[in-house]
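Structure at a glance
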Amino acid sequence: MHPTPTPRGRPRQPDAGASGVHQCPGVISAPRCPPAPSHRGRMQPALLRLLLSLLTATGGEGMCGDPPAAPARSIPAPRLSAEERLSPHMPESLLCDACHAIAFQIEEQLSRAEGKVGKKVLSESDYMEVLERSCSQGWESYGGQELDGEKRLAGPGLPVQEPMSVMVTGGPWPGRLSKTCHGAVGERGEARLYGAHRRGPAALRELLCHGDKGPCTGGKAGGAAPPKALQNEL
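Along each chain, residues carry numbers from 1 onward, in the same order as the chain's sequence is written. This being a predicted model, a pLDDT of at least 70 is required before a residue's local features are given, and a value of 80 or more before pairs of side-chain atoms are given or counted; all residues contribute to the totals for chains, interfaces and linings. As a rule here, side-chain values come from all non-hydrogen atoms in the structure, and water together with hydrogens is ignored.

Let us look at the nonpolar core. Counting 34 residues, the largest nonpolar core has Ile106, Leu110, Leu122, Tyr142, Leu177, Cys181 and Leu208 as its most contacted members. Elements are defined by DSSP. Helices are runs of H or I of four residues or more, strands are runs of E of two residues or more, and each kind is numbered from the N terminus. At the level of elements, helix H5 (95–116), helix H6 (124–135), helix H7 (173–188), helix H8 (190–199) and helix H9 (201–209) are the ones that each hand at least two residues to this core. With 10 residues, the single largest contributor to this core is H5. Residues count as neighbours in contact if any of their non-hydrogen atoms are within 4.5 Å of one another. Beyond its immediate stretch of four places on either side in the chain, Leu122 contacts Leu110, Ala113, Glu114, Val117, Tyr127, Val130 and Tyr194. Put simply, a nonpolar core is a bunch of buried Ala, Val, Leu, Ile, Met, Phe, Trp, Tyr and Cys residues held in one set by side-chain atoms that sit within 4.5 Å of each other. Working definition: with a 1.4 Å probe on protein chains only, accessible area under 20% of the residue-type maximum means buried, over 50% means exposed, and in between means partly exposed.

Here it is as structure tokens:
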């Protein structure tokens, strides 16, 4: 039995059922039809416009849930008069604050010196040297500040001030504090100051600031009660 010959010029098509491969009609050499285009991963234009409009309306808040940023707050520097800017003397309205700062520094320096000798009483030459050093320090951590229109001195040993206010350090303040400190020590006397220190910080502050001639005495300019909340040493 002989196989049926294939007509000349027309090659025999392979059987699609035998190979399991779908052939495109009228195409001889292509093994498969091209895959249909996929719409997966493509965002519809209408949906894209909707998302953009939502982001614009909420300012981008919906993406991360962050609240809108708070508006910036301007904090002005203290306004000083010509005398307050240029005078070598401490303004009278700030003498009480300056006295509290001086009492704090003297107490710190004397306590530190006593700690080096086992909390013993210092000799006269030692405490006189400490008092001189206390007044001659840099005073760079003190400065002027304005709160609710009132000018105050700010720094270690003074009442804690509003953190959102501006403190202006340097300038005339270190020289004013040093000069005021030397004047207070000379007026009260080194021996009296050291004796008050031995009785406690309150006694030293009372002698320097709240005595008969103290700048914090009631009725005087800048008079105030002793500070309750004190700033730490910087």
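Now, onward.
In what follows, a disulfide is any cysteine sulfur pair within 2.5 Å. The full count for this structure, using the stated rule, is three disulfides. Between the sulfur of Cys96 and that of Cys216 lies a disulfide, 2.0 Å long from S to S. Between Cys96 and Cys216 the disulfide shows an S-S torsion of about 115°. By sign, it is right-handed. Of this pair, Cys96 sits in helix H5 while Cys216 sits in the segment after H9; the two residues are 120 residues apart in sequence, bridging distant segments of the chain. A relative accessible area of 1% means that Cys96 is categorised as buried. Disulfide pairing is shown between Cys135 and Cys181; the S-S distance is 2.0 Å. Sign of the S-S torsion, about -65° for the bond between Cys135 and Cys181, identifies this disulfide as left-handed. Within this pair, whereas Cys135 is found in helix H6, its partner Cys181 is found in helix H7, the two being separated by 46 residues in sequence. The exposure classification of Cys135 matches that of Cys181, with both residues buried.

Values of pLDDT, the confidence the predictor places in each residue, fall between 0 and 100. Overall, the prediction assigns the protein chain a mean pLDDT of 75, with 55% of residues at 70 or greater. Every residue in residues 71–75 is under pLDDT 50, and counting partners more than four places away or in other chains gives four contacts. Note that pLDDT drops below 50 for residues 220–234; the model gives that stretch 46 contacts with residues more than four away or on any other chain.

Throughout, an axis means a line fitted to C-alpha atoms (over the contacting stretch in the case of helices), and angles, computed between N-to-C directions, take values from 0 to 180 degrees. Contact pair H5 / H7: the axes reach a minimum separation of 10 Å and the direction vectors enclose 75°. With respect to each other, H5 and H7 are oriented roughly perpendicular. On H7, the residues touching Leu95, Ala98, Ile102 and Ile106 of H5 are Leu177, Thr180, Cys181 and Val185. Any angle from 65 to 115 degrees is called roughly perpendicular, while one under 35 is roughly parallel, one over 145 is roughly antiparallel, and all others are oblique.

Throughout this description, the term salt bridge denotes a Lys or Arg side-chain nitrogen within 4 Å of a carboxyl oxygen of Asp or Glu. The full count for this structure, using the stated rule, is five salt bridges. Its salt-bridge partner being Glu129, residue Arg133 comes within 3.8 Å of it at the nearest N-O pair. Separated by four residues within a single helix, Arg133 and Glu129 lie in helix H6, roughly one turn from each other. Residue Arg133 is classed as partly exposed on the basis of its relative accessible area, which comes to 39%.

Moving on, we come to the pairing of strand E1 (residues 143–147). Of all five residues making up E1, five are buried, and the element is well covered by its neighbours. By the alternation rule, side chains of E1 split into Gly143, Gln145 and Leu147 and Gly144 and Glu146, which are all buried. Examined bridge by bridge, E1 and strand E2 (residues 150–154) share five bridges and lie antiparallel to one another. Bridged to Gly144 within E2 is Leu153. One requirement defines pairing of two strands: DSSP has to find at least two bridges between them. Remark: two residues form the turn of the hairpin made by E1 and E2, two consecutive strands paired antiparallel; Asp148 in that turn has positive phi of roughly 55°. As paired elements, E1 and strand E3 (residues 167–169) share three bridges and run antiparallel to each other.

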